[in-house]
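The primary structure of each chain is shown beneath.
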Amino acid sequence: GAVVSQHPSWVICKSGTSVKIECRSLDFQATTMFWYRQFPKQSLMLMATSNEGSKATYEQGVEKDKFLINHASLTLSTLTVTSAHPEDSSFYICSARDLLGGDTGELFFGEGSRLTVL
Amino acid sequence: AQSVTQLGSHVSVSEGALVLLRCNYSSSVPPYLFWYVQYPNQGLQLLLKYTSAATLVKGINGFEAEFKKSETSFHLTKPSAHMSDAAEYFCAPYRRGKLIFGQGTELSVKP
(Lines give C-alpha, C1' and ligand atoms only; values in the text may rest on other atoms or scores of the structure.)
Protein backbone atom coordinates (compact mmCIF):
# COMPACT_ATOMS: atom_id res chain seq x y z
CA GLY A 1 0.00 0.00 0.00
CA ALA A 2 0.90 3.64 -0.28
CA VAL A 3 3.29 4.92 2.37
CA VAL A 4 3.27 8.32 4.01
CA SER A 5 6.18 9.34 6.21
CA GLN A 6 6.16 12.10 8.79
CA HIS A 7 9.16 13.71 10.39
CA PRO A 8 9.96 14.32 13.15
CA SER A 9 7.95 11.78 15.11
CA TRP A 10 8.34 13.86 18.22
CA VAL A 11 9.73 17.30 18.98
CA ILE A 12 10.16 19.44 22.07
CA CYS A 13 10.65 23.16 21.70
CA LYS A 14 10.67 26.31 23.75
CA SER A 15 7.77 28.70 23.75
CA GLY A 16 8.09 31.32 21.03
CA THR A 17 10.07 29.21 18.59
CA SER A 18 8.81 27.76 15.31
CA VAL A 19 8.64 24.10 14.45
CA LYS A 20 8.40 22.48 11.02
CA ILE A 21 6.84 19.07 10.42
CA GLU A 22 7.31 17.28 7.12
CA CYS A 23 4.92 14.90 5.42
CA ARG A 24 6.14 12.85 2.47
CA SER A 25 4.39 10.41 0.19
CA LEU A 26 7.08 7.83 -0.48
CA ASP A 27 5.75 5.79 -3.36
CA PHE A 28 3.03 7.88 -4.93
CA GLN A 29 2.27 11.42 -5.92
CA ALA A 30 -0.13 13.30 -3.72
CA THR A 31 -1.77 16.35 -5.19
CA THR A 32 -3.72 16.74 -1.98
CA MET A 33 -2.57 16.28 1.59
CA PHE A 34 -4.46 16.86 4.79
CA TRP A 35 -3.27 17.97 8.20
CA TYR A 36 -5.05 16.85 11.34
CA ARG A 37 -4.60 17.70 14.99
CA GLN A 38 -5.41 15.28 17.75
CA PHE A 39 -5.67 16.03 21.46
CA PRO A 40 -5.27 13.22 23.99
CA LYS A 41 -8.18 10.80 24.00
CA GLN A 42 -9.93 12.78 21.30
CA SER A 43 -10.69 12.46 17.63
CA LEU A 44 -8.79 13.89 14.70
CA MET A 45 -9.67 17.45 13.83
CA LEU A 46 -9.05 18.50 10.26
CA MET A 47 -6.93 21.63 10.22
CA ALA A 48 -6.35 22.24 6.54
CA THR A 49 -6.26 20.79 3.07
CA SER A 50 -2.96 21.21 1.32
CA ASN A 51 -2.96 21.40 -2.46
CA GLU A 52 0.21 21.13 -4.48
CA GLY A 53 1.19 24.42 -6.02
CA SER A 54 -1.56 26.47 -4.42
CA LYS A 55 -2.54 27.91 -1.08
CA ALA A 56 -3.87 25.63 1.60
CA THR A 57 -7.53 25.67 2.53
CA TYR A 58 -7.98 26.06 6.26
CA GLU A 59 -10.90 24.85 8.32
CA GLN A 60 -12.92 27.32 10.29
CA GLY A 61 -11.21 28.38 13.48
CA VAL A 62 -7.70 27.39 12.40
CA GLU A 63 -5.25 30.28 12.39
CA LYS A 64 -3.54 30.55 9.02
CA ASP A 65 -0.69 32.63 10.36
CA LYS A 66 -0.08 30.24 13.22
CA PHE A 67 -0.08 27.06 11.15
CA LEU A 68 1.73 27.65 7.89
CA ILE A 69 1.30 24.96 5.27
CA ASN A 70 3.40 24.57 2.17
CA HIS A 71 2.91 21.95 -0.53
CA ALA A 72 5.69 22.73 -2.95
CA SER A 73 5.95 19.33 -4.61
CA LEU A 74 3.79 16.30 -5.31
CA THR A 75 5.47 14.33 -2.54
CA LEU A 76 6.05 16.85 0.22
CA SER A 77 3.88 19.03 2.41
CA THR A 78 5.12 20.90 5.47
CA LEU A 79 3.35 22.29 8.49
CA THR A 80 5.12 25.04 10.40
CA VAL A 81 3.83 25.96 13.83
CA THR A 82 4.97 29.54 14.25
CA SER A 83 5.71 31.14 17.61
CA ALA A 84 4.65 28.00 19.36
CA HIS A 85 3.02 28.14 22.78
CA PRO A 86 2.17 25.37 25.25
CA GLU A 87 -1.43 25.25 24.01
CA ASP A 88 -0.08 24.21 20.59
CA SER A 89 1.23 21.00 22.12
CA SER A 90 -0.57 18.18 20.37
CA PHE A 91 -0.30 15.20 18.06
CA TYR A 92 -0.24 16.30 14.44
CA ILE A 93 -1.05 13.79 11.72
CA CYS A 94 -0.81 14.21 7.99
CA SER A 95 -2.52 12.17 5.32
CA ALA A 96 -2.38 11.98 1.57
CA ARG A 97 -4.54 10.83 -1.26
CA ASP A 98 -3.30 8.80 -4.18
CA LEU A 99 -5.37 9.83 -7.15
CA LEU A 100 -3.71 7.54 -9.66
CA GLY A 101 -6.59 5.08 -9.46
CA GLY A 102 -9.28 7.70 -9.12
CA ASP A 103 -10.74 9.25 -6.01
CA THR A 104 -11.86 6.42 -3.73
CA GLY A 105 -11.86 8.65 -0.68
CA GLU A 106 -9.14 6.59 0.98
CA LEU A 107 -6.40 8.46 2.75
CA PHE A 108 -2.99 7.16 3.75
CA PHE A 109 -1.73 8.43 7.08
CA GLY A 110 1.65 9.36 8.41
CA GLU A 111 2.84 8.09 11.76
CA GLY A 112 2.10 11.38 13.47
CA SER A 113 4.29 13.99 15.12
CA ARG A 114 4.01 14.77 18.80
CA LEU A 115 4.79 18.39 19.59
CA THR A 116 5.52 19.50 23.13
CA VAL A 117 6.00 23.19 23.74
CA LEU A 118 7.66 24.08 27.04
CA ALA B 1 -22.69 19.70 11.86
CA GLN B 2 -21.61 16.31 13.07
CA SER B 3 -22.03 13.85 10.24
CA VAL B 4 -21.03 10.74 12.16
CA THR B 5 -21.68 9.47 15.65
CA GLN B 6 -19.88 6.68 17.41
CA LEU B 7 -21.89 5.39 20.32
CA GLY B 8 -19.73 4.58 23.30
CA SER B 9 -16.39 6.23 23.80
CA HIS B 10 -15.10 3.11 25.48
CA VAL B 11 -15.94 -0.54 24.95
CA SER B 12 -14.51 -3.38 26.99
CA VAL B 13 -14.74 -7.04 26.00
CA SER B 14 -13.15 -10.26 27.11
CA GLU B 15 -10.70 -12.05 24.90
CA GLY B 16 -12.62 -14.31 22.54
CA ALA B 17 -15.85 -12.36 22.86
CA LEU B 18 -17.71 -10.57 20.10
CA VAL B 19 -16.61 -7.03 19.31
CA LEU B 20 -19.28 -4.51 18.27
CA LEU B 21 -18.39 -0.89 17.70
CA ARG B 22 -21.24 1.34 16.63
CA CYS B 23 -21.24 4.05 13.99
CA ASN B 24 -24.17 6.06 12.67
CA TYR B 25 -23.85 8.62 9.91
CA SER B 26 -26.12 11.53 9.13
CA SER B 27 -29.11 10.99 6.90
CA SER B 28 -27.44 11.71 3.58
CA VAL B 29 -25.53 8.67 2.39
CA PRO B 30 -21.86 9.40 1.93
CA PRO B 31 -20.20 7.91 -1.15
CA TYR B 32 -17.66 6.16 1.00
CA LEU B 33 -17.44 5.08 4.64
CA PHE B 34 -14.31 4.01 6.44
CA TRP B 35 -13.16 2.41 9.64
CA TYR B 36 -9.66 3.21 10.80
CA VAL B 37 -7.70 1.89 13.77
CA GLN B 38 -5.13 3.82 15.76
CA TYR B 39 -2.64 2.24 18.12
CA PRO B 40 -1.07 4.44 20.83
CA ASN B 41 1.13 7.22 19.50
CA GLN B 42 0.73 6.09 15.92
CA GLY B 43 -1.05 7.20 12.81
CA LEU B 44 -4.16 5.59 11.43
CA GLN B 45 -4.45 2.29 9.64
CA LEU B 46 -7.30 1.44 7.32
CA LEU B 47 -9.46 -1.45 8.54
CA LEU B 48 -12.07 -1.46 5.81
CA LYS B 49 -14.11 0.75 3.53
CA TYR B 50 -17.59 0.80 2.08
CA THR B 51 -17.87 1.89 -1.53
CA SER B 52 -21.44 0.81 -2.38
CA ALA B 53 -20.24 -2.34 -4.13
CA ALA B 54 -21.43 -4.54 -1.27
CA THR B 55 -23.20 -3.84 2.01
CA LEU B 56 -21.11 -6.32 3.98
CA VAL B 57 -17.50 -5.30 3.92
CA LYS B 58 -14.65 -7.46 5.12
CA GLY B 59 -11.48 -5.87 6.36
CA ILE B 60 -8.17 -6.78 7.86
CA ASN B 61 -7.59 -8.66 11.11
CA GLY B 62 -10.97 -10.38 10.94
CA PHE B 63 -13.06 -7.24 11.15
CA GLU B 64 -16.12 -6.59 9.06
CA ALA B 65 -18.84 -3.98 8.86
CA GLU B 66 -22.32 -3.92 7.44
CA PHE B 67 -23.79 -0.88 5.78
CA LYS B 68 -27.48 -0.49 6.63
CA LYS B 69 -29.09 2.40 4.86
CA SER B 70 -32.40 2.02 6.70
CA GLU B 71 -30.60 2.44 10.01
CA THR B 72 -27.95 4.88 8.73
CA SER B 73 -25.41 2.62 10.40
CA PHE B 74 -22.04 1.10 9.62
CA HIS B 75 -21.20 -0.90 12.73
CA LEU B 76 -17.87 -2.69 13.03
CA THR B 77 -17.75 -6.27 14.28
CA LYS B 78 -15.32 -9.05 14.95
CA PRO B 79 -16.47 -12.50 16.10
CA SER B 80 -13.65 -13.11 18.54
CA ALA B 81 -11.58 -10.39 20.19
CA HIS B 82 -7.84 -10.70 20.52
CA MET B 83 -5.63 -8.85 22.95
CA SER B 84 -3.91 -7.15 20.02
CA ASP B 85 -7.23 -5.56 19.02
CA ALA B 86 -6.98 -3.09 21.90
CA ALA B 87 -6.80 0.30 20.22
CA GLU B 88 -8.82 3.36 19.23
CA TYR B 89 -11.27 2.92 16.37
CA PHE B 90 -12.61 5.67 14.18
CA CYS B 91 -15.53 5.69 11.79
CA ALA B 92 -15.23 8.25 9.02
CA PRO B 93 -17.56 9.17 6.18
CA TYR B 94 -16.12 10.79 3.11
CA ARG B 95 -17.88 13.96 2.06
CA ARG B 96 -16.96 16.73 -0.34
CA GLY B 97 -13.37 15.61 -0.64
CA LYS B 98 -12.76 15.22 3.10
CA LEU B 99 -12.72 12.49 5.70
CA ILE B 100 -14.61 13.57 8.80
CA PHE B 101 -13.85 11.45 11.82
CA GLY B 102 -16.18 10.31 14.53
CA GLN B 103 -15.34 10.76 18.18
CA GLY B 104 -13.60 7.43 18.33
CA THR B 105 -14.18 4.32 20.45
CA GLU B 106 -11.48 2.93 22.65
CA LEU B 107 -11.56 -0.86 22.70
CA SER B 108 -10.14 -2.68 25.70
CA VAL B 109 -9.69 -6.43 25.69
CA LYS B 110 -9.54 -8.27 28.99
CA PRO B 111 -7.70 -11.58 29.30
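This text follows the structure it describes.
Here's what I pulled together on the structure shown here. Computed from a predicted structure; not experimentally measured.

### Quick notes on the state of the cysteines
Among covalent bonds in proteins, the disulfide is the one between the sulfur atoms of two cysteines.
Residues and elements named next belong to chain A.
Point 1. Inspection of the entire model under this criterion finds 2 disulfides over all chains.
Point 2. Linked covalently through their sulfurs, C23 and C94 form a disulfide whose S-S length is 2.0 Å. Around the S-S axis, the bridge from C23 to C94 shows a dihedral of about 80° and counts as right-handed. In this pair, C23 is assigned in strand 3 (residues 19-25) and C94 in strand 9 (residues 90-97), connecting sequence segments 71 residues apart.

### Description of the interface of chain B and chain A
Point 1. Counting residues at the interface gives 19 residues for chain B and 22 residues for chain A.
Point 2. When chain B packs against chain A, the two sides together hide about 1600 Å² of surface, and 49% of this comes from carbon and sulfur.
Point 3. Residue E106 of chain B is joined to K41 of chain A by a salt bridge in which the shortest nitrogen-to-oxygen separation is 3.7 Å.
Point 4. At the boundary of chain B and chain A, one finds 9 residue pairs in polar contact (both at pLDDT 80 or more).
Point 5. Only strand 5 (32-38), strand 6 (44-50), strand 10 (87-95) and strand 11 (98-99) of chain B provide two or more residues apiece to the side of chain B that touches chain A.
Point 6. A per-element tally of the side of chain B that touches chain A places strand 5 of chain B first, with 4 residues.
Point 7. By residue class, the composition of the side of chain B that touches chain A is 9 nonpolar, 7 polar and 3 charged.

The rules we used
Residues numbered from 1 in each chain as written. Chains lettered and ligands numbered in written order. Predicted model: local features only at pLDDT ≥ 70, side-chain atom pairs only at ≥ 80, totals over all residues. Heavy atoms only, no water. Disulfide = S-S within 2.5 Å. Helix = DSSP H or I, 4+ residues; strand = E, 2+ residues; numbered from the N terminus. Contact = heavy atoms within 4.5 Å. Buried area = accessible area lost by both parts, 1.4 Å probe. Salt bridge = Lys/Arg side-chain N within 4 Å of Asp/Glu carboxyl O. Polar contact = N/O pair within 3.5 Å; in protein donor to acceptor, adjacent residues only side chain to side chain. Nonpolar A, V, L, I, M, F, W, Y, C, P; charged D, E, K, R; others polar.

Interpretation note: all reported values are geometric properties and have no functional meaning in isolation.
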